[in-house]
Amino acid sequence: MTDAVDAVETPTPRRKPKPEVTKIDGRKMKPSTLMMGHGYDPALSEGSLKAPIFLTSTFAFESAAAGKRHFEGITGLREGGAEGLVYSRFNGPNQEILEDRLAIWDGAEDSLCFSSGMTAICVMMMAYCSAGDVIVHSGPLYAASEGFVAKILAKFGVKYVDFPAGATREQFDDVLAKAKDMASENGGKVAMIYLESPGNPTNALVDIEMVRDARDAALPADCPIAIDNTFLGPLWQRPLEHGADIVCYSLTKYVGGHSDLVAGSIAGDKKWMNPVRMIRNTMGGIADPNTAWMLLRSLETVELRMQRAGENAEKVCAFLKQHPKVDGLGYLGMIEDDRQQDIYDRHCLGAGSTFSLFLKGGEEECFRFLDALKVAKLAVSLGGTETLASHPASMTHLSVAHGRRQELGITDSLVRISIGIEDPDDLIADFDQALDAV
Ligand SMILES: Cc1ncc(COP(=O)(O)O)c(C=O)c1O
């Protein structure tokens, strides 16, 4: 026997969850504040200040009738989805908190998290495309996104038309007309306009407002505009405010931010999320609870990390720009094209920290530069705390046909750099000595 209070006789009284506070005196709180607590009430988890990791595959129902009602929602027999947690392929507490917080950054009604950026993109496209349909997409795209459209969706009878990121309204109208013709020949519809802006790895920007106006003029409103915002989101570009319907992320990059997880997400109005949720419920692909928990931790510092990385990139690019061995930079803080600058001014809130460095020479010079780096790591990916450098033509974009790579500006002299949060002078010293080795 001990003096401890008998937990059976006098159990800890259950507390009601606190209502969400998102405003103080009518003033809407900023995302950076909401990242510390939104969507989680410690009272529901024994007072634990931070959300525990909920490692469970299934959730106990309050009653058989409640279980039936959940499944009516899950299977679509009743509007509105499940009213609670059912089974971990559908959702879990860590993922729900994450989805609530991700939606805040993009000013979205809803969000869905996935086990990778590619799972998010592929499941979303599958939700919207049927045999005979056509996807219109910008170029360049991340190679796996381009491959999914061109090689995998093609197996199911979905076709595509692509257009260069910098396209004008006139050019884009022609692309939509071609896509509509293709769709009617195939007995389908134009199912989705898919953008990546800035494009990986060239940083070419798409005019989202122009695309929205052209879509509204030529297509029914049930053809969504989706955009991969991985390079600038969630801090430096808010595409839903410029006419996109769905925003997609590789959370592996800036949001995760420490190069220690792989995950993805989409966000937008519930009406755009629901068809994707149905497919995710069937196929799986949701982020696991541990990864979701790590992302909650990452979201607490995402603004700080991105701000610092952005400031560092500005300093590093100022150094690289004047270096005699550098041929040019694809950095959004140093745009040389008027039309791209105009898109940047209307859409972007910062230049980011991922850019392309064009060295004088080709693959040999780039490899010498990459092999000489001492602080920056030679690895693909981006948006982490550490600076990374890679050679897209021979790595991330090797699967893109040579001719298409040239067309998109992914040349052998392009090194992609993602600047981290190290000391900027140390980074400059590193790039300086690596350029000496070229
Ligand atoms: C722009 C962009 N979109 C999507 C992805 C795919 O994300 P993940 O690797 O998380 O599947 C990447 C990965 O590099 C990317 O750079």
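Anything mentioned here points back to the structure above.
Note that this is a predicted model, so its numbers are computed, not measured.

Participant: Describe the overall build of the protein chain, and please don't skip the residues or the numbers.
Facilitator: Along its length, the protein chain carries 13 helices and 14 strands. Compactness check: the protein chain gives a C-alpha radius of gyration of 23 Å against a globular reference of 22 Å for 438 residues, within 12% of the reference. Counting only C-alpha atoms and orienting by the principal axes, one finds that the protein chain spans roughly 80 × 60 × 40 Å. Looking at the protein chain residue by residue over its 438 residues, the buried ones come to 53%. By sequence separation, contacts in the protein chain at least 24 residues apart represent 74% of the contacts at least 6 residues apart. Of the roughly 19,700 Å² of accessible surface on the protein chain, 54% is carried by carbon and sulfur atoms. Across the protein chain, the centroid of the 44 positively charged side chains sits 4 Å from that of the 61 negatively charged ones.

Participant: Give me the lowdown on a nonpolar patch on the surface, citing residues and values where you can.
Facilitator: On the surface, Leu378, Val380 and Met395 cluster together to form a nonpolar patch covering roughly 230 Å² of accessible area. For Leu378, the location among the structural elements is in strand 12 (residues 377-378).

Participant: Provide a residue-level description of the site of the ligand, including the pertinent values.
Facilitator: Looking at the ligand, there are 13 residues lining it, with Met118, Asp228, Ser250, Thr252 and Lys253 nearest. In this structure, an oxygen atom belonging to the ligand sits 2.8 Å away from a main-chain N or O atom of Met118. Between the ligand and the protein, one listed contact pairs an oxygen atom with a side-chain N or O atom of Lys253 at 2.6 Å. Across the complex, the protein chains shield 90% of the 390 Å² of accessible surface that the ligand would expose by itself. Ranked by residue count, the leading element in the shell around the ligand is helix 4 (residues 117-128), at three residues.

Participant: So, helix 13 (residues 424-436): which residues are in play, and what are the values?
Facilitator: The first and last C-alpha atoms of helix 13 sit 19 Å apart over 13 residues, in line with the 18 Å expected at 1.5 Å per residue. Those residues of helix 13 lying buried are Pro424, Leu427, Ile428, Asp430, Phe431, Ala434 and Leu435. Along helix 13, the residues classed as buried sweep out an arc of 160° about the axis, all on the same side. Across helix 13 from its buried face, at more than 90 degrees, point the exposed residues Asp425 and Asp436. Of the surrounding elements, those touching the buried residues of helix 13 are helix 9 (289-321), strand 10 (326-330), strand 11 (354-359), helix 11 (363-372) and strand 14 (414-418). If you check the start of helix 13, you find a side-chain oxygen 2.9 Å away from the backbone N of Asp425, and it comes from Asp423.

Participant: Can you tell me about the side chain of Asn203, naming the residues and giving the values?
Facilitator: Here Asn203 lies in the loop between strand 6 (190-196) and helix 7 (208-218). On the basis of relative accessible area, Asn203 is assigned to the buried category, the value being 4%. At a separation of 2.9 Å, a polar atom in the side chain of Asn203 contacts the main-chain carbonyl oxygen of Thr354. In contact with Asn203, not counting residues within four places along its chain, are Pro198, Phe231, Gly330, Tyr331, Leu332, Gln340, Thr354 and Phe355.

Participant: Help me get a handle on the nonpolar core, residues and values and all.
Facilitator: Ranked by internal contacts, the top residues of the largest apolar core, which has 95 residues, are Ile193, Phe369 and Phe431. Ranked by residues supplied to this core, first place goes to helix 9 with eleven residues. Here Ile193 is in contact with Val136, Phe172, Leu176, Val211, Arg215, Leu219, Cys223, Pro224, Ile225 and Ala226, once residues within four sequence places are set aside. Counting 26 residues, the second largest nonpolar core, distinct from the first, contains Leu112, Tyr128, Phe148 and Cys248.

Participant: Can you explain the sheet that holds strand 14? Please cite residues and give values.
Facilitator: Judged by pairing direction, the sheet is mixed, and its five strands sit side by side in the order 10-11-14-13-12 without closing on themselves. The two strands at the open ends of the sheet, each matched to only one other strand, are strand 10 and strand 12. As paired elements, strand 12 and strand 13 (residues 388-390) share two bridges and run parallel to each other. Residue pairing for strand 13: Lys377 is matched across the bridge by Leu388.

Participant: Requested: an account of the sheet that holds strand 3 (residues 110-114), with residues and values cited.
Facilitator: Spatially, seven strands are ordered 3-9-8-7-6-4-5 in an open sheet, and the strand pairing comes out mixed. Looking along the sheet, the strands with just one partner apiece sit at the ends: strand 3 and strand 5 (159-164). Looking at each pair of strands side by side, their axes are set apart by 20° on average, direction ignored. Where strand 8 (residues 246-250) and strand 9 (residues 264-268) come together, five bridges link them in antiparallel fashion. Opposite Ser250, over in strand 9, you have Gly264 as the bridge partner. Its contacts with the sheet put helix 6 (residues 169-185) on strand 4 (134-139), strand 5 and strand 6, and the angle it makes with strand 5 is roughly 175°.

Participant: So what's going on with the environment of Ala183? Which residues, and what values?
Facilitator: On the secondary structure map, Ala183 appears in helix 6. Ala183 gets classed as buried once you look at its relative accessible area, which sits at 2%. For Ala183 and Pro392, which are 209 residues apart along the polypeptide, the C-alpha to C-alpha distance reads 33 Å. Contacts of Ala183, omitting those with residues within four sequence positions, involve Gly132, Val134, Gly188, Lys189 and Val190.

Participant: Give me the lowdown on the pairing of strand 7 (residues 225-228), citing residues and values where you can.
Facilitator: Side chains Ile225 and Ile227 of strand 7 all project onto a buried face; the interleaved residues Ala226 and Asp228 project onto the opposite face, where all are buried too. Sheet topology places strand 6 next to strand 7; four bridges connect them, and they run parallel. If you follow Glu196 over to strand 7, its bridge partner there is Asp228. Sheet topology places strand 7 next to strand 8; three bridges connect them, and they run parallel. Across the sheet, residue Ala226 finds its bridge partner in strand 8, namely Ile246.

Analysis parameters
Residues numbered from 1 in each chain as written. Predicted model: local features only at pLDDT ≥ 70, side-chain atom pairs only at ≥ 80, totals over all residues. Heavy atoms only, no water. Helix = DSSP H or I, 4+ residues; strand = E, 2+ residues; numbered from the N terminus. Rg over C-alpha atoms; globule rule 2.2 N^0.38 Å. Buried < 20%, exposed > 50% of the residue type's maximum accessible area, 1.4 Å probe, protein only. Contact = heavy atoms within 4.5 Å. Areas by Shrake-Rupley, 256 points an atom, 1.4 Å probe, with all protein chains shown as cover. Lys, Arg positive; Asp, Glu negative; His and termini not counted. Charge placed at Lys NZ, Arg CZ, Asp CG, Glu CD. Patch = residues over 30% accessible without salt bridge, like charges linked within 9 Å, V, L, I, M, F, W, Y side chains within 5 Å. Salt bridge = Lys/Arg side-chain N within 4 Å of Asp/Glu carboxyl O. Near = heavy atom within 4 Å. Polar contact = N/O pair within 3.5 Å; in protein donor to acceptor, adjacent residues only side chain to side chain. Expected span 1.5 Å × (residues − 1). Arc of directions from axis to C-beta. Core = buried A, V, L, I, M, F, W, Y, C linked by side-chain atoms within 4.5 Å. Pairing = 2+ DSSP bridges. Axes fitted to C-alpha atoms, helices over the stretch in contact; angles between N-to-C directions.

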